[in-house]
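Notes for the structure review
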Amino acid sequence: MRKLGLFLFALLLLALQARAEESGWSIGVYGGKYYDSEPAGFTQGRANFLNHHLFAVTASKTVWRSESLPMSVEIDGMLGQQFGLDSLTEVAVAPVLRWSSFPWNHVLQTDLRLAPLGLSYTSKVSSLELGTEGKGSRMLNLLLIELAFSRPQQRSDEWFVRLHHRCAVYDMLNNYGANGEDFLAFGYRRRF
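Residues numbered from 1 in each chain as written. Predicted model: local features only at pLDDT ≥ 70, side-chain atom pairs only at ≥ 80, totals over all residues. Heavy atoms only, no water.

1. Points about the overall build of the protein chain
Where we set the bar: Helix and strand definitions here come from DSSP, where helices need a minimum of 4 consecutive H or I residues and strands a minimum of 2 consecutive E residues; each element is numbered from the N-terminal end. Using a 1.4 Å probe on the protein chains alone, a residue whose accessible area is under 20% of its type maximum counts as buried, one over 50% counts as exposed, and one in between counts as partly exposed. The criterion used for residue contact is that any of the two residues' heavy atoms lie within 4.5 Å. For accessible areas, the Shrake-Rupley method is used with a probe of radius 1.4 Å. Any residue's cover is judged against the shown protein chains and nothing else.
Tallying secondary structure elements over the protein chain gives 2 helices and 9 strands in all. Ordered by position in the sequence, the α and β elements of the protein chain form the string α-β-α-β-β-β-β-β-β-β-β. Sorting the 192 residues of the protein chain into buried and exposed places 43% on the buried side. For the protein chain, contacts bridging at least 24 residues in sequence account for 61% of all contacts bridging at least 6. Surface summary for the protein chain: the accessible area is close to 10,300 Å², and the carbon and sulfur share equals 64%.

Spelled out as structure tokens, the structure:
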């Protein structure tokens, strides 16, 4: 049933692609592997990757673009399936700030996308998110940090690396004591 839902969602995104000429829409896919430390642990070399994976489809819509700065705001939604050490479906949405100005963009277009606050809901509490008392939450914050790359002459095709992070925002959403989940993911997006 989950695979059918994922397939139907992908078909819907493809239909949107056909109707969304230069509309600020994008669709994409990404896959990643779970690591067992907080987000900064990866950059500090303290991440241990486990046999747990995420595959997701994503859609974004630009809702605001600055007239004076290389910045825009997008709404990003995703539908994903986690598998490996546990099996569950995740649905998430977040406002994303996109910064598009780097000195090397004439060689490699680079965009930084940040979403510190979003909503992530899972079909069940992940066994990887249980606190010391065995409790967890299906609804958590989604944080994403992403670097997107494209050719300057063809910015519509983006390849990206994304940190996909679920958390309780320093125990503001719950105090079960679990970190949440972190995935280092790679993907492709088509912008319209």
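2. A look at the environment of S72
Residue placement: S72 occurs in strand 3 (residues 71-83). Along the backbone, S72 and R98 are 26 residues apart, and their C-alpha atoms lie at a distance of 5.2 Å. Setting aside anything within four residues of it in sequence, one finds S72 in contact with T62, W64, R65, V96, L97 and R98.

3. Description of the pattern of salt bridges
The cut-off we apply is this: The salt bridge definition used is simple: a Lys or Arg side-chain nitrogen within 4 Å of an Asp or Glu carboxyl oxygen.
For the coordinates displayed, the defined rule picks out 17 salt bridges. Across the pair E146 and R113 runs a salt bridge whose closest N-O atoms are separated by 3.1 Å. Separated by 33 residues along the polypeptide, E146 in strand 7 (residues 139-151) and R113 in strand 5 (residues 109-115) bring together distant segments of the chain. An identical accessibility class is assigned to E146 and R113; each is buried. The salt bridge involving E158 is made with R189; its shortest N-O contact spans 2.7 Å. Of this pair, E158 sits in strand 8 (residues 154-167) while R189 is found in strand 9 (residues 181-191), placing the two residues 31 residues apart along the sequence. With relative accessibility at 1%, the residue E158 sits in the buried group. Look at R189 and you get buried, because its relative accessible area is 0%. Several salt bridges converge on common partners, so that one network encompasses E74, D76, R98, D111, R113, E146, R155, E158, R162, R189 and R191.

4. Observations regarding the nonpolar core
Where we set the bar: Among the buried residues, those of types Ala, Val, Leu, Ile, Met, Phe, Trp, Tyr and Cys that are joined through side-chain atoms within 4.5 Å form a nonpolar core.
In this structure, Y30, L54, M78, A115, L142 and L144 are the most contacted members of the largest nonpolar core, which totals 15 residues. Listed by contribution, the elements that provide at least two residues to this core are strand 1 (25-35), strand 2 (49-65), strand 4 (88-99), strand 7 and strand 9. Setting aside its immediate chain neighbours within four residues, Y30 contacts L54, F55, A56, T58, M78, F160, R162, H164, A185, F186 and G187.

5. Here's the deal with the pairing of strand 4
This is how the line gets drawn: Here the rule is simple: two strands pair whenever DSSP picks up at least two bridges between them.
Inspection of the sheet shows strand 3 paired to strand 4 by 12 bridges, in the antiparallel sense. By the bridge assignment, Q81 is partnered in strand 4 with T89. Across 3 bridges, strand 4 lies against strand 5 in antiparallel orientation. Its bridge partner lying in strand 5, L97 is registered against L114.

6. Structural notes on the pairing of strand 1
Pairing geometry for strand 1 and strand 2, over 10 bridges, is antiparallel. Counted as the bridge partner of G31 is F55 from strand 2. As defined by bridge partners, strand 1 adjoins strand 9 across 10 bridges and the pair is classed as antiparallel. Counted as the bridge partner of K33 is L184 from strand 9.

7. Section: the packing of aromatic side chains
Note the threshold: The aromatic pairing rule takes the rings of Phe, Tyr and Trp, using the six-membered ring of Trp, and pairs them if the centres are within 6.5 Å, calling planes under 30 degrees apart stacked, those over 60 edge-to-face and the rest tilted. Only when the NZ of Lys or the CZ of Arg is both within 6 Å of the ring centre and within 35 degrees of the ring normal is a charge said to sit over the ring.
According to the stated counting rule, one finds 5 aromatic pairs in the structure shown. One residue, R189, lies across the ring of F160, its end atom 4.3 Å from the ring centre.

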